[in-house]
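# Architecture at a glance
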Amino acid sequence: MTQNQGPVQGLKVLDLSILIAGGTASSLLADFGAKVVKVERPGSGDPLRNWGPFYNGVSLWWKVHSRNKKSITLDLSHSEGQAVLKKLAEQADLLIEGFRPGTMERWGLGPDELHDVNPGLVILRYSGFGQTGPYKDRSGFGTIAECMSGYIGMTGFPDSPPVLPPVPLADEIAGVFGAMSAMMALYHRDVPEAKNGGATKGKGQVIDMSLFEPLFRLCIPHITIYDLLGIIRERVGNDFPDAAPRSLYRTGDEQWLGLSATSQSTWESLARAMGVGELIEDPRFKDNTSRLENKETLNEILQNWLGQRPLSQVMEELVPSGGVVGPVYNTQQIVEDPHY
(Lines give C-alpha, C1' and ligand atoms only; values in the text may rest on other atoms or scores of the structure.)
Protein backbone atom coordinates (compact mmCIF):
# COMPACT_ATOMS: atom_id res chain seq x y z
CA MET A 1 0.00 0.00 0.00
CA THR A 2 1.30 3.43 -0.90
CA GLN A 3 -0.83 5.08 1.77
CA ASN A 4 -2.62 3.54 4.71
CA GLN A 5 -6.32 4.36 4.79
CA GLY A 6 -9.02 3.56 7.31
CA PRO A 7 -10.63 4.70 10.54
CA VAL A 8 -7.34 4.69 12.49
CA GLN A 9 -5.29 6.38 9.78
CA GLY A 10 -2.61 8.44 11.52
CA LEU A 11 -2.20 6.00 14.40
CA LYS A 12 1.50 5.18 14.80
CA VAL A 13 2.45 1.73 16.10
CA LEU A 14 5.84 0.26 17.01
CA ASP A 15 5.73 -3.53 17.00
CA LEU A 16 8.69 -5.13 18.81
CA SER A 17 6.99 -8.50 19.23
CA ILE A 18 7.92 -11.76 17.49
CA LEU A 19 5.81 -14.50 15.93
CA ILE A 20 2.06 -14.44 16.25
CA ALA A 21 0.26 -12.66 19.09
CA GLY A 22 1.67 -9.15 18.90
CA GLY A 23 1.91 -9.39 15.13
CA THR A 24 -1.78 -10.27 14.92
CA ALA A 25 -2.66 -7.19 16.97
CA SER A 26 -0.56 -4.90 14.79
CA SER A 27 -1.88 -6.54 11.60
CA LEU A 28 -5.45 -5.80 12.63
CA LEU A 29 -4.56 -2.17 13.34
CA ALA A 30 -2.66 -1.89 10.05
CA ASP A 31 -5.68 -3.31 8.21
CA PHE A 32 -7.66 -0.31 9.42
CA GLY A 33 -5.08 2.33 8.54
CA ALA A 34 -2.48 2.42 11.31
CA LYS A 35 1.13 3.05 10.33
CA VAL A 36 3.00 0.06 11.77
CA VAL A 37 6.77 -0.11 12.03
CA LYS A 38 7.93 -3.66 12.70
CA VAL A 39 11.18 -3.80 14.68
CA GLU A 40 13.17 -6.98 14.00
CA ARG A 41 16.42 -8.48 15.19
CA PRO A 42 19.43 -7.66 13.01
CA GLY A 43 20.57 -10.63 10.95
CA SER A 44 17.83 -13.11 11.76
CA GLY A 45 14.67 -11.02 11.69
CA ASP A 46 11.37 -12.30 13.04
CA PRO A 47 11.33 -16.12 13.40
CA LEU A 48 8.06 -16.13 11.45
CA ARG A 49 10.12 -15.53 8.32
CA ASN A 50 11.31 -19.14 8.65
CA TRP A 51 7.86 -20.74 8.77
CA GLY A 52 6.94 -22.54 5.55
CA PRO A 53 5.47 -22.99 3.10
CA PHE A 54 7.42 -20.55 0.95
CA TYR A 55 6.63 -18.76 -2.30
CA ASN A 56 9.56 -17.40 -4.27
CA GLY A 57 11.66 -18.03 -1.17
CA VAL A 58 9.42 -15.96 1.14
CA SER A 59 7.34 -17.38 3.99
CA LEU A 60 3.65 -17.02 3.24
CA TRP A 61 2.98 -16.86 6.98
CA TRP A 62 5.24 -13.80 7.03
CA LYS A 63 3.67 -12.23 3.94
CA VAL A 64 0.15 -12.51 5.34
CA HIS A 65 0.99 -11.63 8.93
CA SER A 66 3.13 -8.61 8.07
CA ARG A 67 0.91 -7.00 5.47
CA ASN A 68 0.81 -3.20 5.48
CA LYS A 69 3.86 -2.95 7.77
CA LYS A 70 7.31 -1.47 7.38
CA SER A 71 10.31 -3.27 8.85
CA ILE A 72 13.49 -1.97 10.45
CA THR A 73 16.13 -3.74 12.54
CA LEU A 74 17.40 -2.67 15.94
CA ASP A 75 19.64 -4.40 18.46
CA LEU A 76 17.82 -3.40 21.62
CA SER A 77 20.48 -4.93 23.84
CA HIS A 78 22.91 -2.16 22.80
CA SER A 79 22.72 1.49 23.74
CA GLU A 80 22.56 2.66 20.12
CA GLY A 81 19.47 0.56 19.44
CA GLN A 82 17.86 1.68 22.69
CA ALA A 83 18.43 5.33 21.77
CA VAL A 84 16.86 4.87 18.35
CA LEU A 85 13.84 3.13 19.85
CA LYS A 86 13.29 5.97 22.31
CA LYS A 87 13.41 8.42 19.40
CA LEU A 88 10.77 6.39 17.57
CA ALA A 89 8.69 6.07 20.74
CA GLU A 90 8.53 9.84 21.07
CA GLN A 91 6.21 9.97 18.05
CA ALA A 92 4.33 6.69 18.56
CA ASP A 93 0.85 6.11 19.94
CA LEU A 94 1.24 2.42 20.71
CA LEU A 95 4.21 0.16 21.39
CA ILE A 96 3.81 -3.62 21.32
CA GLU A 97 6.44 -5.90 22.85
CA GLY A 98 6.65 -9.61 23.52
CA PHE A 99 9.82 -10.20 25.51
CA ARG A 100 10.07 -12.12 28.76
CA PRO A 101 9.00 -10.03 31.76
CA GLY A 102 11.87 -7.86 32.94
CA THR A 103 13.73 -7.80 29.60
CA MET A 104 12.57 -4.32 28.56
CA GLU A 105 13.40 -3.00 32.03
CA ARG A 106 16.86 -4.55 31.82
CA TRP A 107 17.44 -2.67 28.57
CA GLY A 108 16.29 0.61 30.08
CA LEU A 109 13.14 0.49 27.93
CA GLY A 110 10.52 -0.30 30.55
CA PRO A 111 7.26 1.63 30.84
CA ASP A 112 8.78 4.23 33.18
CA GLU A 113 11.59 5.05 30.75
CA LEU A 114 9.30 5.05 27.72
CA HIS A 115 6.75 7.27 29.45
CA ASP A 116 9.56 9.69 30.29
CA VAL A 117 9.99 10.33 26.56
CA ASN A 118 6.28 10.00 25.68
CA PRO A 119 3.74 10.13 28.53
CA GLY A 120 0.91 9.34 26.14
CA LEU A 121 2.40 6.12 24.79
CA VAL A 122 0.16 3.06 25.20
CA ILE A 123 2.27 -0.04 25.87
CA LEU A 124 0.89 -3.48 25.03
CA ARG A 125 3.01 -6.19 26.68
CA TYR A 126 2.70 -9.83 25.61
CA SER A 127 4.12 -12.75 27.58
CA GLY A 128 3.20 -16.34 28.27
CA PHE A 129 1.89 -15.82 31.80
CA GLY A 130 1.83 -12.07 32.36
CA GLN A 131 4.15 -9.59 34.03
CA THR A 132 3.32 -10.74 37.57
CA GLY A 133 2.48 -13.97 39.38
CA PRO A 134 4.37 -17.17 40.20
CA TYR A 135 4.71 -18.25 36.54
CA LYS A 136 5.81 -14.91 35.08
CA ASP A 137 9.39 -16.10 34.43
CA ARG A 138 8.34 -19.27 32.61
CA SER A 139 8.70 -19.56 28.86
CA GLY A 140 5.26 -19.60 27.33
CA PHE A 141 4.08 -20.26 23.79
CA GLY A 142 0.48 -20.46 22.63
CA THR A 143 0.42 -24.25 22.86
CA ILE A 144 0.98 -24.10 26.61
CA ALA A 145 -1.58 -21.32 26.93
CA GLU A 146 -4.14 -23.45 25.10
CA CYS A 147 -3.49 -26.33 27.47
CA MET A 148 -3.61 -24.29 30.67
CA SER A 149 -6.60 -22.15 29.67
CA GLY A 150 -8.97 -25.09 30.12
CA TYR A 151 -9.82 -25.16 26.43
CA ILE A 152 -7.79 -28.22 25.41
CA GLY A 153 -9.14 -30.27 28.32
CA MET A 154 -12.58 -30.08 26.69
CA THR A 155 -11.57 -30.95 23.11
CA GLY A 156 -11.78 -34.38 21.53
CA PHE A 157 -13.93 -37.39 22.29
CA PRO A 158 -14.35 -39.03 25.72
CA ASP A 159 -12.44 -42.13 24.64
CA SER A 160 -9.56 -40.27 22.95
CA PRO A 161 -6.79 -37.90 24.04
CA PRO A 162 -7.29 -34.13 24.07
CA VAL A 163 -6.72 -32.41 20.72
CA LEU A 164 -4.58 -29.34 20.00
CA PRO A 165 -5.87 -26.89 17.37
CA PRO A 166 -4.07 -26.88 14.00
CA VAL A 167 -3.68 -23.10 14.13
CA PRO A 168 -1.94 -20.85 16.71
CA LEU A 169 -5.28 -20.28 18.38
CA ALA A 170 -4.19 -18.78 21.71
CA ASP A 171 -1.81 -16.36 19.99
CA GLU A 172 -4.37 -15.18 17.48
CA ILE A 173 -7.09 -14.70 20.09
CA ALA A 174 -4.58 -12.82 22.26
CA GLY A 175 -3.86 -10.68 19.19
CA VAL A 176 -7.53 -9.81 18.83
CA PHE A 177 -7.84 -9.02 22.55
CA GLY A 178 -4.66 -6.95 22.32
CA ALA A 179 -5.91 -4.82 19.44
CA MET A 180 -9.22 -4.31 21.26
CA SER A 181 -7.46 -3.43 24.53
CA ALA A 182 -5.11 -1.02 22.76
CA MET A 183 -8.07 0.84 21.23
CA MET A 184 -9.70 1.01 24.68
CA ALA A 185 -6.51 2.47 26.12
CA LEU A 186 -6.22 4.98 23.27
CA TYR A 187 -9.82 6.03 23.84
CA HIS A 188 -9.08 6.34 27.55
CA ARG A 189 -6.10 8.54 26.69
CA ASP A 190 -7.84 10.75 24.15
CA VAL A 191 -11.44 10.96 25.40
CA PRO A 192 -12.58 14.55 26.04
CA GLU A 193 -11.97 15.74 29.57
CA ALA A 194 -15.69 16.15 30.18
CA LYS A 195 -16.12 12.38 29.98
CA ASN A 196 -13.51 11.37 32.50
CA GLY A 197 -12.91 14.42 34.63
CA GLY A 198 -9.55 15.10 33.00
CA ALA A 199 -7.76 12.78 35.40
CA THR A 200 -6.34 10.52 32.70
CA LYS A 201 -6.39 12.61 29.53
CA GLY A 202 -3.11 12.30 27.69
CA LYS A 203 -1.80 9.42 29.80
CA GLY A 204 -0.81 6.17 28.17
CA GLN A 205 -1.75 2.94 29.92
CA VAL A 206 0.26 -0.28 30.16
CA ILE A 207 -1.61 -3.42 29.07
CA ASP A 208 -0.39 -6.71 30.57
CA MET A 209 -1.55 -9.34 28.05
CA SER A 210 -0.69 -12.97 28.75
CA LEU A 211 -1.34 -15.69 26.18
CA PHE A 212 -3.53 -17.86 28.40
CA GLU A 213 -6.00 -15.27 29.71
CA PRO A 214 -7.86 -14.35 26.49
CA LEU A 215 -8.62 -17.99 25.66
CA PHE A 216 -9.49 -18.60 29.32
CA ARG A 217 -11.90 -15.67 29.06
CA LEU A 218 -13.78 -17.50 26.31
CA CYS A 219 -14.12 -20.51 28.63
CA ILE A 220 -15.01 -18.53 31.73
CA PRO A 221 -18.65 -19.76 32.15
CA HIS A 222 -17.13 -23.12 33.02
CA ILE A 223 -15.45 -21.59 36.07
CA THR A 224 -18.82 -20.39 37.38
CA ILE A 225 -20.40 -23.76 36.56
CA TYR A 226 -17.70 -25.47 38.61
CA ASP A 227 -17.82 -22.91 41.42
CA LEU A 228 -21.58 -23.16 41.95
CA LEU A 229 -22.36 -26.71 40.79
CA GLY A 230 -19.07 -28.60 41.06
CA ILE A 231 -19.26 -29.62 37.38
CA ILE A 232 -15.95 -30.12 35.55
CA ARG A 233 -16.32 -29.84 31.79
CA GLU A 234 -14.88 -32.86 30.02
CA ARG A 235 -14.51 -34.01 26.43
CA VAL A 236 -17.82 -34.48 24.60
CA GLY A 237 -16.67 -34.83 20.99
CA ASN A 238 -18.69 -32.70 18.58
CA ASP A 239 -21.70 -32.32 20.87
CA PHE A 240 -22.40 -29.25 22.98
CA PRO A 241 -22.84 -30.06 26.69
CA ASP A 242 -25.57 -27.49 27.34
CA ALA A 243 -27.86 -27.69 24.30
CA ALA A 244 -28.92 -30.23 21.66
CA PRO A 245 -28.88 -31.11 18.89
CA ARG A 246 -25.50 -29.81 17.79
CA SER A 247 -22.90 -32.00 16.14
CA LEU A 248 -21.24 -33.12 12.91
CA TYR A 249 -23.02 -35.64 10.71
CA ARG A 250 -22.07 -37.62 7.61
CA THR A 251 -24.27 -37.36 4.54
CA GLY A 252 -25.10 -40.14 2.09
CA ASP A 253 -22.31 -39.07 -0.29
CA GLU A 254 -19.68 -39.27 2.48
CA GLN A 255 -19.57 -35.52 3.14
CA TRP A 256 -19.58 -33.93 6.59
CA LEU A 257 -21.83 -31.11 7.69
CA GLY A 258 -22.48 -29.22 10.88
CA LEU A 259 -25.97 -28.91 12.28
CA SER A 260 -27.12 -26.78 15.18
CA ALA A 261 -30.69 -26.54 16.49
CA THR A 262 -29.99 -25.39 20.02
CA SER A 263 -33.00 -23.09 20.39
CA GLN A 264 -36.55 -24.43 20.65
CA SER A 265 -37.81 -22.65 17.53
CA THR A 266 -34.85 -23.82 15.45
CA TRP A 267 -35.35 -27.39 16.62
CA GLU A 268 -39.04 -27.32 15.73
CA SER A 269 -38.29 -25.85 12.28
CA LEU A 270 -35.69 -28.55 11.68
CA ALA A 271 -38.00 -31.38 12.70
CA ARG A 272 -40.75 -30.15 10.38
CA ALA A 273 -38.33 -29.70 7.46
CA MET A 274 -37.10 -33.25 7.94
CA GLY A 275 -40.66 -34.58 7.98
CA VAL A 276 -40.42 -35.77 11.57
CA GLY A 277 -42.65 -33.16 13.18
CA GLU A 278 -43.95 -35.79 15.60
CA LEU A 279 -40.62 -35.55 17.45
CA ILE A 280 -41.58 -32.06 18.62
CA GLU A 281 -44.20 -33.56 20.96
CA ASP A 282 -42.11 -36.62 21.81
CA PRO A 283 -41.37 -36.47 25.58
CA ARG A 284 -37.74 -37.37 24.85
CA PHE A 285 -37.23 -34.26 22.70
CA LYS A 286 -39.89 -31.77 23.81
CA ASP A 287 -37.41 -29.28 25.33
CA ASN A 288 -33.69 -28.73 25.61
CA THR A 289 -33.37 -30.59 28.92
CA SER A 290 -35.09 -33.64 27.45
CA ARG A 291 -33.02 -33.48 24.26
CA LEU A 292 -29.81 -33.36 26.26
CA GLU A 293 -30.85 -36.39 28.28
CA ASN A 294 -31.57 -38.29 25.06
CA LYS A 295 -29.00 -36.73 22.72
CA GLU A 296 -27.49 -40.09 21.68
CA THR A 297 -30.89 -41.28 20.44
CA LEU A 298 -31.55 -37.92 18.80
CA ASN A 299 -28.18 -37.97 17.06
CA GLU A 300 -28.94 -41.45 15.72
CA ILE A 301 -32.26 -40.23 14.29
CA LEU A 302 -30.61 -37.23 12.65
CA GLN A 303 -27.70 -39.27 11.32
CA ASN A 304 -30.07 -41.84 9.81
CA TRP A 305 -32.02 -39.11 7.96
CA LEU A 306 -28.91 -37.23 6.80
CA GLY A 307 -27.07 -40.41 5.87
CA GLN A 308 -29.72 -41.29 3.30
CA ARG A 309 -29.27 -38.06 1.33
CA PRO A 310 -26.38 -36.40 -0.50
CA LEU A 311 -25.13 -33.11 0.87
CA SER A 312 -26.72 -31.08 -1.93
CA GLN A 313 -30.15 -32.53 -1.20
CA VAL A 314 -29.77 -31.91 2.54
CA MET A 315 -28.97 -28.26 1.89
CA GLU A 316 -31.87 -27.90 -0.57
CA GLU A 317 -34.37 -29.39 1.87
CA LEU A 318 -33.24 -27.80 5.13
CA VAL A 319 -31.86 -24.33 4.35
CA PRO A 320 -35.08 -22.80 2.92
CA SER A 321 -36.94 -23.79 6.08
CA GLY A 322 -34.40 -22.06 8.31
CA GLY A 323 -32.33 -25.12 9.11
CA VAL A 324 -28.95 -24.14 10.54
CA VAL A 325 -26.66 -26.44 8.58
CA GLY A 326 -23.44 -26.01 6.66
CA PRO A 327 -20.82 -28.19 4.96
CA VAL A 328 -17.40 -28.82 6.48
CA TYR A 329 -15.17 -26.95 4.02
CA ASN A 330 -11.56 -27.45 3.07
CA THR A 331 -9.55 -24.50 1.80
CA GLN A 332 -10.33 -25.12 -1.86
CA GLN A 333 -14.06 -25.15 -1.15
CA ILE A 334 -13.75 -21.87 0.73
CA VAL A 335 -11.98 -20.26 -2.24
CA GLU A 336 -14.65 -21.52 -4.66
CA ASP A 337 -17.68 -20.58 -2.54
CA PRO A 338 -19.58 -17.64 -4.10
CA HIS A 339 -20.43 -16.09 -0.75
CA TYR A 340 -16.75 -15.97 0.22
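Now for a description of the structure that goes with this document. (Residues numbered from 1 in each chain as written. Predicted model: local features only at pLDDT ≥ 70, side-chain atom pairs only at ≥ 80, totals over all residues. Heavy atoms only, no water.)

## Quick look at the packing of helix α1 (residues 21-31) against helix α7 (residues 169-190)
- Where α1 contacts α7, the axes come no closer than 7 Å and their chain directions differ by 50°. Classified by the angle between their axes, α1 and α7 sit oblique to one another. Crossing of α1 over α7 shows right-handed handedness. Contacts between α1 and α7 involve A21, T24, A25, L28 and L29 from the first element and D171, E172, A174, G175, V176, G178, A179 and M183 from the second.
- Residue classes in the contact of α1 with α7 are distributed as eight nonpolar, three polar and two charged. (Axes fitted to C-alpha atoms, helices over the stretch in contact; angles between N-to-C directions. Helix = DSSP H or I, 4+ residues; strand = E, 2+ residues; numbered from the N terminus. Parallel < 35°, antiparallel > 145°, perpendicular 65-115°, else oblique. Left-handed = near helix turned anticlockwise from the far one by under 90°. Contact = heavy atoms within 4.5 Å. Nonpolar A, V, L, I, M, F, W, Y, C, P; charged D, E, K, R; others polar.)

## Side note on the side chain of S17
- Position of S17 among the secondary structure elements: in the loop between β1 (12-15) and α1.
- Judged by its relative accessible area of 2%, S17 falls in the buried class.
- Here the side chain of S17 touches D15 through a polar contact of 2.5 Å, side chain to side chain.
- Every residue in contact with S17, bar those within four places of it in the chain, is listed here: G22, G23, K38, D46, I96, E97 and G98. (Buried < 20%, exposed > 50% of the residue type's maximum accessible area, 1.4 Å probe, protein only. Polar contact = N/O pair within 3.5 Å; in protein donor to acceptor, adjacent residues only side chain to side chain.)

## A word on the packing of aromatic side chains
- Applying the stated criterion across every chain yields a total of five aromatic pairs.
- These aromatic residues form a ring-pair network of at least three members: F129, Y135 and F212.
- The ring of F129 has R138 sitting right over it, with the charged end atom 6.0 Å from the ring centre.
- If you follow R309 out to its NZ or CZ, it ends over the ring of W305, 3.9 Å from the centre. (Phe/Tyr/Trp six-rings, centres within 6.5 Å; stacked < 30°, edge-to-face > 60°. Lys NZ or Arg CZ within 6 Å of the ring centre and 35° of its normal.)

## A few points about a nonpolar patch on the surface
- Together, Y135, I144 and M148 give the surface a local cluster of nonpolar side chains, amounting to about 260 Å² of exposed area.
- Secondary-structure assignment places Y135 in the loop between β7 (122-127) and α6 (142-148). (Patch = residues over 30% accessible without salt bridge, like charges linked within 9 Å, V, L, I, M, F, W, Y side chains within 5 Å. Areas by Shrake-Rupley, 256 points an atom, 1.4 Å probe, with all protein chains shown as cover. Salt bridge = Lys/Arg side-chain N within 4 Å of Asp/Glu carboxyl O.)

## Focus: the layout of surface pockets
- Roughly 730 Å³ of volume is contained in the largest pocket.
- Lining of the largest pocket is provided by 32 residues; of these, Y151, M154, T155, G237 and R246 occupy positions nearest its centre.
- Among the secondary structure elements, those contributing two or more residues to the lining of the largest pocket are α9 (212-218), α10 (221-229) and β9 (246-250).
- Residue composition of the lining of the largest pocket, grouped by class: 20 nonpolar, seven polar and five charged.
- As a volume, the second largest pocket reaches approximately 550 Å³.
- The leading source of residues in the lining of the second largest pocket is α6, at three residues.
- Residues of the lining of the second largest pocket, tallied by class, amount to 14 nonpolar, nine polar and six charged. (1 Å grid on protein atoms, 1.4 Å probe; cavity = no way out; pocket = protein on both sides within 12 Å on 5 of 7 lines; lining within 4 Å. Points joined across faces, edges and corners; volume = space filled by probe spheres on them.)

## Let's talk about helix α14 (residues 311-318)
- Of all the positions in α14, only L311, V314 and L318 are classed as buried. What you see down the axis of α14 is that its buried residues fit within an arc of 60°, all on one side.
- Structurally, α14 contributes buried residues whose contacts are with β10 (256-260), α11 (264-273), α13 (295-306) and β11 (325-327). (Arc of directions from axis to C-beta.)

## Brief notes about the environment of I231
- Tracing the backbone through its elements, the reader meets I231 in the loop between α10 and β9.
- For I231, the contacting residues outside a window of four places in its chain are I225 and Y226.

## Considerations on the nonpolar core
- Of all hydrophobic cores here, the largest spans 27 residues; its most connected members are V13, A34, L94, I96, L124 and Y126.
- Looking at this core, the elements with two or more residues in it are α1, β6 (94-97), β7, α7 and β8 (206-210).
- Looking at this core element by element, the count peaks at eight residues for α7.
- When near neighbours in sequence (up to four residues on either side) are disregarded, Y126 contacts A21, G22, A25, I96, E97, G98, F99, A174, G175, G178, M209 and L211.
- With 20 residues, the next largest nonpolar core counts V276, I280, W305 and L306 among its residues. (Core = buried A, V, L, I, M, F, W, Y, C linked by side-chain atoms within 4.5 Å.)

## A closer look at the pairing of β1
- Examined bridge by bridge, β1 and strand β2 (residues 35-40) share four bridges and lie parallel to one another. In the sheet register, V13 faces β2, and the bridge partner there is V36.
- Handedness of the crossover joining β1 and β2 through α1 is recorded here as right-handed.
- As paired strands, β1 and β6 are joined by three bridges and run parallel to one another. Opposite V13, over in β6, you have L94 as the bridge partner. (Pairing = 2+ DSSP bridges. Right-handed = clockwise from strand over helix to strand, strands pointing away.)

## Looking at the pattern of salt bridges
- For the structure on display, the rule yields 16 salt bridges.
- The partner of D190 in a salt bridge is R189, and the shortest N-O contact between them spans 2.7 Å.
- One salt bridge in this structure joins D239 and K295, with 4.0 Å as the shortest N-O distance. Within this pair, whereas D239 is found in the loop between α10 and β9, its partner K295 is found in helix α13, the two being separated by 56 residues in sequence. In terms of burial, D239 and K295 fall into one category: buried.
- Through salt bridges with shared partners, a single ionic network connects D15, K38, D46 and K69.

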